[in-house]
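Overview (structure and organization)
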Amino acid sequence: MSRPVSYNLIKKPLVDDISIAEMPAGQQGEGFFATKLNDVIGLARKNSIWPLPFATSCCGIEFMATMGSHYDLARFGSERVGFSPRQCDLLMVMGTIAKKMGPVVKQVYLQMAEPRWVIAVGACACSGGIFDSYSVLQGIDQVIPVDVYVPGCPPRPEAIIDGVMRIQDLVGKESLRRRNGQQYKGLLESYGIQ
């Protein structure tokens, strides 16, 4: 009996469910490979992202579907979903965030260790969605910096996977020194984060 072949989103067969990361540019010879430390760390980080879901509404249900076996976010290195901000490096804010929840989202963000990234999933997290009222935060970028926006009401699992892949691109290309730069520190100071 042969083993079933799984398919990714564009219906190309995966090789025995194993995705192999591309080797960074470098020099190789018999018995050695030399490359930049920046590239190796970027490769390791982008293929081992630990997401922290902060789901408040219907977008959280779509995230559950994304983690399920049909879409399988685990094949992108995000299998370990954590619920402790101290152990995760990707904050996924999904759903409507009330203004009273804004400080809680910021506190969760601050408890995460550097480097950390943020995805705003759904129209409500991106811009307040249909809730243009006094009690709803009109986008989480009013309290924390956002790296990737995933639009939709609610967004399909394919869109969430695309957002994670865009985060992986950012993570893989980010310099190790970016977080110590003046531009990044200025961005955090604009949000009142030291």
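Here, every reference points to the structure presented above.
Residues numbered from 1 in each chain as written. Predicted model: local features only at pLDDT ≥ 70, side-chain atom pairs only at ≥ 80, totals over all residues. Heavy atoms only, no water.

**Thoughts on the overall build of the protein chain**
Along the backbone of the protein chain there are six helices and six strands. The N-to-C order of helical and strand elements in the protein chain reads β-β-α-β-α-β-α-β-α-β-α-α. Counting over 194 residues, the protein chain shows a buried share of 36%. Looking at the protein chain alone, contacts between residues at least 24 apart form 72% of all its contacts between residues at least 6 apart. With an accessible surface of roughly 11600 Å², the protein chain has 56% of that area assigned to carbon and sulfur atoms. (Helix = DSSP H or I, 4+ residues; strand = E, 2+ residues; numbered from the N terminus. Buried < 20%, exposed > 50% of the residue type's maximum accessible area, 1.4 Å probe, protein only. Contact = heavy atoms within 4.5 Å. Areas by Shrake-Rupley, 256 points an atom, 1.4 Å probe, with all protein chains shown as cover.)

**Quick look at the packing of aromatic side chains**
One pass over the structure, following the stated rule, counts zero aromatic pairs. A cation sits over an aromatic face here: arginine 80 above tryptophan 50, 4.2 Å from the ring centre. Geometry around tyrosine 109 places arginine 116 over its ring, the cationic atom sitting 4.1 Å from the centre. (Phe/Tyr/Trp six-rings, centres within 6.5 Å; stacked < 30°, edge-to-face > 60°. Lys NZ or Arg CZ within 6 Å of the ring centre and 35° of its normal.)

**Here we look at the pattern of salt bridges**
The final tally for this structure, using the stated rule, is three salt bridges. We note a salt bridge from arginine 116 to glutamate 114, for which the minimum N-O separation is 3.5 Å. In this structure, arginine 156 engages glutamate 158 in a salt bridge whose closest nitrogen and oxygen atoms are separated by 3.2 Å. On the basis of relative accessible area, glutamate 158 is assigned to the partly exposed category, the value being 30%. (Salt bridge = Lys/Arg side-chain N within 4 Å of Asp/Glu carboxyl O.)

**Overview of the nonpolar core**
In a soluble, globular protein the nonpolar side chains are often hidden away together inside. Among the nonpolar cores identified, the biggest contains 23 residues, and Leu91, Val93, Tyr109, Ile140 and Ile144 are the most heavily contacted of them. Listed by contribution, the elements that provide at least two residues to this core are strand S3 (51-55), strand S4 (90-94), helix H3 (102-111), strand S5 (117-121), helix H4 (123-127) and helix H6 (182-190). The biggest single contributor to this core is H3, with three residues. Isoleucine 144 has contacts with Leu91, Val105, Lys106, Tyr109, Val118 and Tyr191, leaving out every residue within four places of it along the chain. Grouped together as the second largest cluster of nonpolar side chains are 19 residues, Ile119, Ile161, Val164 and Ile167 included. (Core = buried A, V, L, I, M, F, W, Y, C linked by side-chain atoms within 4.5 Å.)

**Some details on the packing of helix H1 (residues 37-46) against helix H5 (residues 157-173)**
At their nearest, the axes of H1 and H5 sit 7 Å apart, and the two run at 155° to each other. With respect to H5, the axis of H1 lies roughly antiparallel. Between H1 and H5 the crossing geometry is right-handed. For the pair H1 and H5, the contacting residues are Gly42, Arg45 and Lys46 in the first and Gln168, Val171 and Gly172 in the second. Its residues assigned to classes, the contact of H1 with H5 shows one nonpolar, three polar and two charged. (Axes fitted to C-alpha atoms, helices over the stretch in contact; angles between N-to-C directions. Parallel < 35°, antiparallel > 145°, perpendicular 65-115°, else oblique. Left-handed = near helix turned anticlockwise from the far one by under 90°. Nonpolar A, V, L, I, M, F, W, Y, C, P; charged D, E, K, R; others polar.)

**Some remarks on the pairing of strand S2 (residues 32-35)**
In terms of strand pairing, strand S1 (residues 26-29) meets S2 through four bridges, oriented antiparallel. Residue pairing in the sheet places glutamine 27 in a bridge with alanine 34 of S2. (Pairing = 2+ DSSP bridges.)

**Considering the packing of helix H2 (residues 58-67) against H5**
At a minimum axis distance of 9 Å, the contact between H2 and H5 shows a crossing angle of 75°. The angle between H2 and H5 falls in the class roughly perpendicular. Residue-level contacts link Glu62, Phe63, Ala65 and Thr66 of H2 to Pro157, Ile160 and Ile161 of H5. The residue inventory of the contact of H2 with H5, partitioned by class, reads five nonpolar, one polar and one charged.

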